[in-house]
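Residue-level structural notes
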Amino acid sequence: MVDGGWALLVRVGLADTSDPEDVDDAALSLRRVLAEIPGVAVREMHTGTGPVGSKGLGIELGALAVTVLGAPRGLRTAVDAVRVWAERDRHRKVVVRLGEDSVEIEGMSPELSRELAESFIRRRTTE
């Protein structure tokens, strides 16, 4: 938890490809969804260094830093948005990490992804 909210790491992948452009497009799509939620700030994760000879920071492909305010409702809203986004395409893979805890959603039924997400939220909000 950070200042009344949570700092999440969200990793986006695709089961049917590792093409960097496809992964980047998927991460951008999820980023747009999350950016529409009040109390949620989202940005690309930076690696700390760029490619040799470049200026500035490198970007970690498919990784989003998400800050969520409004505990615990804000956490539930953000995790549910990620879950629903992943359910729209069975090839989407998403891992939401909070500290040492995480939940992974990939190619499963909506019922199972809802159950996993709910368990993750309960673990994080009862500490």
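Quick summary incoming for the structure in this document. (Residues numbered from 1 in each chain as written. Predicted model: local features only at pLDDT ≥ 70, side-chain atom pairs only at ≥ 80, totals over all residues. Heavy atoms only, no water.)

**A word on helix α2 (residues 73–87)**
For α2, spanning 15 residues, the distance from its first C-alpha to its last is 21 Å, which sits close to the expected 21 Å at 1.5 Å a residue. Regarding α2, the residues found buried are Gly 74, Leu 75, Ala 78, Val 79, Ala 81, Val 82, Arg 83, Trp 85 and Ala 86. (Helix = DSSP H or I, 4+ residues; strand = E, 2+ residues; numbered from the N terminus. Expected span 1.5 Å × (residues − 1). Buried < 20%, exposed > 50% of the residue type's maximum accessible area, 1.4 Å probe, protein only.)

**A few points about helix α3 (residues 110–125)**
Taking 1.5 Å per residue as the helical rise, α3 with its 16 residues ought to reach 22 Å, and the 22 Å between its terminal C-alpha atoms agrees with that figure. When we look at burial in α3, the residues that qualify are Ser 113, Ala 117, Phe 120, Ile 121 and Arg 124. The arc that holds the buried residues of α3, viewed along the axis, is 95°, so those residues lie on one side. Opposite its buried face, α3 presents the exposed residues Glu 111 and Glu 115, each directed more than 90 degrees away. The inward-facing, buried residues of α3 contact β1 (5–14), α2, β4 (92–98) and β5 (101–106). (Arc of directions from axis to C-beta. Contact = heavy atoms within 4.5 Å.)

**Comments concerning the nonpolar core**
Counting residues in hydrophobic clusters, the biggest one holds 30 residues, and the most contacted among them are Leu 8, Val 10, Leu 30, Leu 34, Val 66 and Val 96. Top contributing element to this core by residue count: α2, with seven residues. The residues touching Leu 30, leaving out its near neighbours within four places in the chain, are Val 10, Val 12, Leu 64, Val 82 and Trp 85. (Core = buried A, V, L, I, M, F, W, Y, C linked by side-chain atoms within 4.5 Å.)

**Description of the pairing of β1**
The buried fraction of β1 amounts to eight of the ten residues, a majority that puts the element mostly inside the structure. In terms of strand pairing, β1 meets β4 through six bridges, oriented antiparallel. Bridge assignment links Arg 11 to a residue of β4, and that residue is Val 95. (Pairing = 2+ DSSP bridges.)

**Details of the pattern of salt bridges**
For the coordinates displayed, the defined rule picks out seven salt bridges. Across the salt bridge formed by Glu 60 and Arg 11, the nearest N and O atoms sit 2.1 Å from each other. Of this pair, Glu 60 sits in strand β3 (residues 59–69) while Arg 11 sits in strand β1, placing them 49 residues apart in sequence. For Glu 60, a relative accessible area of 24% gives the class partly exposed. When its relative accessible area of 36% is taken as the criterion, Arg 11 is described as partly exposed. The residue Asp 101 makes a salt bridge to Arg 123 at a minimum N-O spacing of 2.8 Å. One end of the pair, Asp 101, is in strand β5; the other, Arg 123, is in helix α3, and 22 residues separate them in sequence. When salt bridges that share partners are traced, they join Arg 76, Glu 118 and Arg 122 into one network. (Salt bridge = Lys/Arg side-chain N within 4 Å of Asp/Glu carboxyl O.)

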